Amino acid sequence: MEYDNLIKATVQFVRDTLQNAEGGHDWWHINRVWTNAKLIAQTEQAHLLTVELAALLHDIADSKFHNGDEEIGPFTAGQYLRSMSVNAAIVEHVQQIIRHMSFKSSFDKPAFHSPELAIVQDADRLDAIGAIGIARAFTYGGFKGRELYNPEIKPNLNMSKEEYKNTSAPTINHFYEKLLLLKDKMNTQTGKELAQQRHDFMTAYLRQFYAECGL
């Protein structure tokens, strides 16, 4: 299948699959990650088809919504790509990107890296910070029934991977346990520059939040 037709078909597949997804992990999240991945790829040496397919399919079956199953995402993406007769090496590469790009994967010793992973990971992390990141954090917190803020529950800055996956802490804690850490975990120069702007917005937001709480 030609490049453009494959991308168009993949967009439709993702939109159809995620039409009832939680608001922070829906098609519009995918679309933003895809857009930022293409932007970052302009200044990196990488295989663009792999970048685009991984960006589009990275949350096709997020483990958070599938009982913590970390293989269902790569499996679902692989099934789809093979059905479209995509080259086997590209299928495997996309699966590896999906398998290793999430924040929780950073708790493990790195087992895979590629320029394409670096790009898609940066694009996904950008969508977790800044104004969009704040909106997504509170959307997911509401979806999970979490408190907005509880000063009696302090952020846990030394969580294990399992503790991170199973936390039910207030959403404000998530800023300290993940969101504010992402700026220093960016891989590419473009990603770092964009992340700094979004990081600064989050710190300003937190100052205003605490001021309105009378703290």
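Attention here is on the structure that accompanies the text. What you see is a predicted model; the values in this text were computed from it and never measured.

### With respect to the side chain of glutamate 22
Here glutamate 22 shows up in the loop between helix 1 (3-17) and helix 2 (27-41). Separated by 2.5 Å, the side chains of glutamate 22 and histidine 25 make a polar contact.

### Quick notes on the packing of aromatic side chains
Enumeration over the complete set of coordinates arrives at 11 aromatic pairs. With a centroid separation of 5.6 Å and an interplanar angle of 90 degrees, the aromatic rings of tyrosine 149 and phenylalanine 209 are classed as edge-to-face. Placement of tyrosine 149 in the loop between helix 7 (130-143) and helix 8 (161-166) and of phenylalanine 209 in helix 10 (residues 189-212) is noted, with a sequence separation of 60 residues between them. You can call phenylalanine 209 buried: its relative accessible area is 14%.

### Points about helix 1
The end-to-end C-alpha distance of helix 1 is 21 Å, a good match for the 21 Å that 15 residues give at a rise of 1.5 Å each. Within the span of helix 1, buried status applies to Leu6, Ile7, Thr10, Val11 and Val14. Taken around the axis of helix 1, the buried residues stretch over an arc of 140 degrees, which confines them to a single face. Opposite its buried face, helix 1 presents the exposed residues Asp4 and Lys8, each directed more than 90 degrees away.

### Points about unusual backbone geometry
One non-glycine residue with positive phi stands out, namely serine 85, at about 60 degrees. Among the structural elements, serine 85 can be located in the loop between helix 4 (72-83) and helix 5 (88-100).

### Comments concerning the nonpolar core
Of all hydrophobic cores here, the largest spans 56 residues; its most connected members are Val14, Leu53, Leu56, Leu57, Leu81, Val86 and Phe175. Sequence-distant contacts of valine 14, defined by excluding residues within four places in its chain, comprise Trp27, Ile30, Leu56, Leu57 and Ile60.

### Examining the side chain of histidine 25
Topologically, histidine 25 is positioned in the loop between helix 1 and helix 2. Under the relative-accessibility criterion, histidine 25 is labelled buried at 10%. Among the polar contacts made by the side chain of histidine 25, one reaches the side chain of arginine 136 at a distance of 3.5 Å.

### Notes on the packing of helix 5 against helix 6 (residues 115-126)
The relative placement of two packed helices is expressed as an angle between their axes plus a distance between the axes. At their nearest, the axes of helix 5 and helix 6 sit 10 Å apart, and the two run at 45 degrees to each other. When the axes of helix 5 and helix 6 are compared, the pair comes out oblique. In terms of crossing hand, the pair formed by helix 5 and helix 6 is right-handed. The segment helix 5 lies against helix 6, with His93, Ile97 and His100 engaging Glu116, Leu117, Val120 and Gln121. The residue makeup of the contact of helix 5 with helix 6, split by class, is 3 nonpolar, 3 polar and 1 charged.

### As for helix 2
Think of an α-helix as 3.6 residues a turn; residues three or four steps apart then line up on the same face. End to end, helix 2 covers 21 Å across 15 residues, agreeing with the expected 21 Å (1.5 Å per residue, within 8%). What helix 2 keeps buried is the set Trp27, His29, Ile30, Val33, Trp34, Asn36, Ala37, Ile40 and Ala41. The secondary structure elements touched by the buried residues of helix 2 are helix 1, helix 3 (48-57), helix 6, helix 7 and helix 10. Of the residues that open helix 2, the one with a side-chain oxygen 3.2 Å from the backbone nitrogen of tryptophan 28 is aspartate 26.

### Observations concerning the pattern of salt bridges
This model, assessed by the stated rule, comprises 4 salt bridges. For arginine 32, the salt bridge goes to aspartate 127, with nearest N and O atoms at 2.7 Å. Remark: aspartate 127 occurs in the loop between helix 6 and helix 7 and arginine 32 occurs in helix 2; sequence separation between them is 95 residues. Residue arginine 32 is classed as partly exposed on the basis of its relative accessible area, which comes to 26%. For aspartate 127, a relative accessible area of 1% corresponds to the buried category. A salt bridge links lysine 183 to aspartate 184; the nearest nitrogen and oxygen atoms lie 3.0 Å apart. Taking the relative accessible area as the measure of exposure, lysine 183 reaches 19% and is therefore buried. The exposure class of aspartate 184 is exposed, given its relative accessible area of 63%. Here the residues in one salt-bridge network are Arg32, Asp127 and Arg136, joined through shared partners.

Calculation criteria
- Residues numbered from 1 in each chain as written.
- Predicted model: local features only at pLDDT ≥ 70, side-chain atom pairs only at ≥ 80, totals over all residues.
- Heavy atoms only, no water.
- Helix = DSSP H or I, 4+ residues; strand = E, 2+ residues; numbered from the N terminus.
- Polar contact = N/O pair within 3.5 Å; in protein donor to acceptor, adjacent residues only side chain to side chain.
- Phe/Tyr/Trp six-rings, centres within 6.5 Å; stacked < 30°, edge-to-face > 60°.
- Buried < 20%, exposed > 50% of the residue type's maximum accessible area, 1.4 Å probe, protein only.
- Expected span 1.5 Å × (residues − 1).
- Arc of directions from axis to C-beta.
- Core = buried A, V, L, I, M, F, W, Y, C linked by side-chain atoms within 4.5 Å.
- Contact = heavy atoms within 4.5 Å.
- Axes fitted to C-alpha atoms, helices over the stretch in contact; angles between N-to-C directions.
- Parallel < 35°, antiparallel > 145°, perpendicular 65-115°, else oblique.
- Left-handed = near helix turned anticlockwise from the far one by under 90°.
- Nonpolar A, V, L, I, M, F, W, Y, C, P; charged D, E, K, R; others polar.
- Salt bridge = Lys/Arg side-chain N within 4 Å of Asp/Glu carboxyl O.

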